[in-house]
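# Overview (structure and organization)
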Amino acid sequence: MLSFSHLNKQGYEILIVTALLLLAFIFRVVGISFGQPNMVLFPSDQAGNFLPLESAVHPDEYFYVAIPVQMAAQRRLNPDFFENPSLLINLNLFINTLTGKNDKSLNEITGQSQRQIADFSLYIMGRSWSALGGLLAVAATYGAVRLLSGFYAAFLAALIVTVSLPMVQHAHYATTSSMAAGFTALSIWSCVRTLKIKDNYRKAVMNLILAGAAAGLATGSRYNAAPVAFVVVLTGLTIVIQDKRHWTLVSLSLFSIPLAFLISTPGTVFAFRKFISDIHYISSVYLEGVNISQVTPFGLYFEIQYLFVVALGIPVSILVVFSVVLTIWNIRRLHIHIFYVFLIFQLVIYGSLFLRTVRPGHSDQLLVPIIPVLAILAGLGAQKIFLALKVSRELCFVSSIAVVIWPMVFSISFVKSISITDTRTLAQEWIYENLAPQTSLYLVGAYNVSVDPVRFPHFQTYGTGASFPSDDKLCAAGIDFIVFSDALTNDAVRTSAALNEPVPNEIFELRDRLKRYAVVFEQVRPPQLGNDLFMHTATVWHQPGIQIYQLNCIQTSGAGFMRMEI
């Protein structure tokens, strides 16, 4: 029979874990509907149940939301897209089919931009998978550390995963990083459980199968999550070393890794050439900088810098370093759990393979799959300190909260940013209220204002200014107003500062050009922590500064136009 004091302790832990999961849920759900357009303003898109082209969503979400709509319309199971694995695409295809959301015919979507063919409700559905992946990461991280150490170590580790900005930010997108982190944490938890019950061989193998399947699904979410498979393999080898008679069954259980990956991304077999082609392309983007304007050979440095300064914060980073150093110091004395070594080995493999990108500026998502691993090490390091200093229970709890305030502030700032009205929506409201129908617009820069093409005919360039047409061409095209988004120019300036490079000339040329026009509307970026931080993609995808300029043109006596100075 359980004692009353034990029941109190157990109830206290359940209460804390419930509160922790609730906090994680709030961080991942608040603002999840960001970018939802007012379809009343887009009658031409509303008629076909299409998403307005410049809707304020994450730029990569449409891969995982729109491709399932295409697959259903074309009645095919091959996504024909393997720059990332297919698990999320296939999940969305399955759920959309069950709910009747894949109802567009091939004729309806033919000729339509891929970014438009999925209505916004499908984006919410896709983002829900990411939110669930984030919650899984929190729960599995807590479970893994609880098996390895004490309650406060587990609490701190799970709290880090709960509030870390990359975990919170990417859980709001219908992309794959958050799910990869969730399955990575699940695989690690199952590996720890396997080692804990390795004497019960049947249960150990079942847990190893689960660990392998989770590793396969992590890789089926993001290729760069694959190093967690090394942890599974090392766990299996540990069982075999204990009793060599079990090597056959352990080997078979490890087969769950490739099996789960193939189930999630069957195109690796049935569309092998396309799979290899896309793998080669996406690898060349990250490792060689193909089609990237600003690259650096110091990507690993910038990834670690962002990890320590933003994702974890300095106090948590110190705990991670302390845990790693302590593990290496004690490894020869066998005074450390062998699983700690497995985790460090995973981090070394991951860093050497995937964090050496030459395009770190838009690669913060590479950190997401390893944050649960780092959180586990931080929690274990904190527990060593708590025990060595004989810290009271109350102080352990307060200290755990104190060390995560740093990363939590970044996450709070992000959630607040996507929860308020976007600057593009404010500019859109001004356009609809102040400009007459059939006013022609020229949109300069990506992540710009979305307007109905029938009501406001418009053209757009997506770069930082190099393709900006001359005044004569703008006037000849009948352009009345220029709408400028500073998302990419602001990012280019801060990237140049971080890389210690001169700002591209086209930025200065663009700014000088815009100064010649009259500003009729300006919406500055709202205050957000990280606006000037390199790699802080939240300040690229969300809340850009918007300016609207009037272009007054008069027709000359000849055949052309000239711009009238104001």
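In this text the structure is predicted, and so the values were computed from the model without any measurement.

### A few points about the overall build of the protein chain
- The secondary structure content of the protein chain amounts to 26 helices and seven strands.
- In summary, the protein chain has a C-alpha radius of gyration of 26 Å against a globular reference of 24 Å for 566 residues, a match within 12%.
- Expressed as lengths along the three principal axes of its C-alpha atoms, the size of the protein chain is roughly 95 × 50 × 50 Å.
- Across the 566 residues in the protein chain, those meeting the buried criterion constitute 56%.
- In the protein chain, of all internal contacts separated by at least 6 residues, the share reaching a separation of at least 24 is 77%.

### A closer look at the nonpolar core
- Ile188, Phe339 and Val404 are the most contacted members of the largest nonpolar core, which totals 133 residues.
- With sequence-adjacent residues up to four places away left out, Ile188 is seen in contact with Ala144, Val228, Phe339, Leu343, Gln346, Val373 and Ile376.

### Here we look at the packing of helix H11 (residues 228–242) against helix H18 (residues 338–354)
- Here H11 crosses H18 at 150°, and the two axes come no closer than 9 Å. As for the relative orientation of H11 and H18, their crossing is right-handed in sense. Between H11 and H18, the contacting residues are Val228, Phe230, Val231, Leu234, Thr235 and Thr238 on the first element and Phe339, Phe342, Phe345, Gln346 and Ile349 on the second.
- Per-class residue counts for the contact of H11 with H18 are eight nonpolar, three polar and no charged.

### Re the environment of Ala229
- Within the fold, Ala229 resides in helix H11.
- Taking relative accessible area as the criterion, Ala229 reaches 16% and is therefore assigned buried.
- The spatial distance from the C-alpha of Ala229 to the C-alpha of Ala487 is 38 Å, given a sequence separation of 258 residues.
- Ignoring sequence-local partners within four residues, the contact set of Ala229 consists of Ala215 and Ile257.

### Comments concerning the sheet that holds strand S5 (residues 546–550)
- Taken together, the five strands give an open sheet; going across it, the order is S2-S1-S3-S5-S4, and neighbouring strands pair in mixed fashion. Each of the sheet's edge strands pairs with one partner strand only, and the pair in question is strand S2 (458–461) and strand S4 (518–523). Going from strand to strand, the sheet's axes swing by 20° on average, the running direction of each strand aside.
- For strand S3 (residues 481–485) and S5, the ladder comprises five bridges, and the chain directions are antiparallel. Within the sheet, the bridge partner assigned to Phe481 lies in S5 and is Gln550.

### Focus on a nonpolar patch on the surface
- On the surface, a cluster of nonpolar side chains totalling about 400 Å² of accessible area is made up of Leu22, Phe25, Ile26, Val29 and Val30.
- Tracing the chain through its elements places Phe25 in helix H1 (residues 4–29).
- Taking the relative accessible area as the measure of exposure, Phe25 reaches 41% and is therefore partly exposed.

### Side note on the packing of aromatic side chains
- One pass over the full model with this rule turns up 24 aromatic pairs.
- The interplanar angle of 70° and the centroid separation of 4.8 Å between the aromatic rings of Phe151 and Tyr152 together place this pair among those described as edge-to-face. Assigned by exposure class, Phe151 and Tyr152 land together as buried.
- Seen in terms of ring centroids, Tyr301 and Phe302 are 5.1 Å apart; in terms of plane orientation they differ by 70°. Their pairing is edge-to-face.
- Here Phe302 falls in the buried class, since its relative accessible area comes to 8%.
- One aromatic cluster is present, built from ring pairs that chain together Tyr12, Tyr142, Phe151, Tyr152, Phe155 and Phe397.
- When the ring centre of Tyr286 is taken as reference, the NZ or CZ atom of Arg359 above it lies at 4.6 Å.

### Some remarks on unusual backbone geometry
- Here Gln438, not a glycine, exhibits a phi torsion of approximately 75°, which is positive.
- Examined against the element boundaries, Gln438 turns out to sit in the loop between helix H22 (423–434) and strand S1 (441–444).

### Notes on the confidence of the model for the protein chain
- On average, residues of the protein chain carry a pLDDT of 91, and 95% of them reach 70 or more.
- Mean pLDDT across the elements of the protein chain ranges from a minimum in strand S7 (residues 561–563), with 43, to a maximum in helix H8 (residues 165–170), with 98.
- Long-range and interchain partners of residues 556–566, a stretch whose pLDDT sits below 50, account for 27 contacts in this model, where long-range means more than four residues apart.

### Focus: the environment of Arg455
- Tracing the backbone shows Arg455 in the loop between S1 and S2.
- Among the residues examined, Arg455 registers a relative accessible area of 30% and is labelled partly exposed.
- Residues Arg455 and Ile279, 176 residues apart in the sequence, show an inter-C-alpha distance of 42 Å.
- When near neighbours in sequence (up to four residues on either side) are disregarded, Arg455 contacts Tyr432, Pro437, Gln438 and Thr439.
- Reaching out from Arg455, the side chain makes a polar contact with the backbone oxygen of Tyr432 at a distance of 3.5 Å.

### Overview of the pattern of salt bridges
- Counting across every chain of the model gives eight salt bridges.
- Two residues, Arg525 and Asp486, come together in a salt bridge whose shortest N-O distance is 3.3 Å. On the criterion of sequence distance, the pair formed by Arg525 in the loop between S4 and helix H26 (538–541) and Asp486 in the loop between S3 and helix H24 (487–498) is long-range, its members being 39 residues apart. When sorted by exposure, Arg525 lands in the same class as Asp486, which is buried.

### What about the side chain of His170?
- You can see His170 is positioned in helix H8.
- The residues contacting His170, other than those within four sequence positions of it, are Ser130, Thr175, Ser177, Ser178, Asp364, Gln365 and Val368.

### Observations concerning the pairing of S1
- By the alternation rule, side chains of S1 split into Leu441 and Leu443 and Tyr442 and Val444, which are all buried.
- Where S1 lies against S2, four bridges are found, and the strand directions are parallel. Its bridge partner being in S2, Tyr442 is matched across the sheet by Phe459.
- Here S1 runs beside S3; their pairing, made up of four bridges, is parallel.

### Quick notes on the packing of helix H16 (residues 299–312) against helix H21 (residues 405–419)
- The contact between H16 and H21 brings their axes to 7 Å, and the two run at 80°. Relative to H21, the element H16 is oriented roughly perpendicular. Together, Val309, Val310, Ala311 and Leu312 of H16 and Trp406, Pro407 and Phe410 of H21 make up the contact between the two elements.
- Looking at the contact of H16 with H21 residue by residue, the classes come out as seven nonpolar, no polar and no charged.

Calculation rules
- Residues numbered from 1 in each chain as written.
- Predicted model: local features only at pLDDT ≥ 70, side-chain atom pairs only at ≥ 80, totals over all residues.
- Heavy atoms only, no water.
- Helix = DSSP H or I, 4+ residues; strand = E, 2+ residues; numbered from the N terminus.
- Rg over C-alpha atoms; globule rule 2.2 N^0.38 Å.
- Buried < 20%, exposed > 50% of the residue type's maximum accessible area, 1.4 Å probe, protein only.
- Contact = heavy atoms within 4.5 Å.
- Core = buried A, V, L, I, M, F, W, Y, C linked by side-chain atoms within 4.5 Å.
- Axes fitted to C-alpha atoms, helices over the stretch in contact; angles between N-to-C directions.
- Left-handed = near helix turned anticlockwise from the far one by under 90°.
- Nonpolar A, V, L, I, M, F, W, Y, C, P; charged D, E, K, R; others polar.
- Pairing = 2+ DSSP bridges.
- Patch = residues over 30% accessible without salt bridge, like charges linked within 9 Å, V, L, I, M, F, W, Y side chains within 5 Å.
- Areas by Shrake-Rupley, 256 points an atom, 1.4 Å probe, with all protein chains shown as cover.
- Salt bridge = Lys/Arg side-chain N within 4 Å of Asp/Glu carboxyl O.
- Phe/Tyr/Trp six-rings, centres within 6.5 Å; stacked < 30°, edge-to-face > 60°.
- Lys NZ or Arg CZ within 6 Å of the ring centre and 35° of its normal.
- pLDDT = per-residue confidence, 0-100.
- Polar contact = N/O pair within 3.5 Å; in protein donor to acceptor, adjacent residues only side chain to side chain.
- Parallel < 35°, antiparallel > 145°, perpendicular 65-115°, else oblique.

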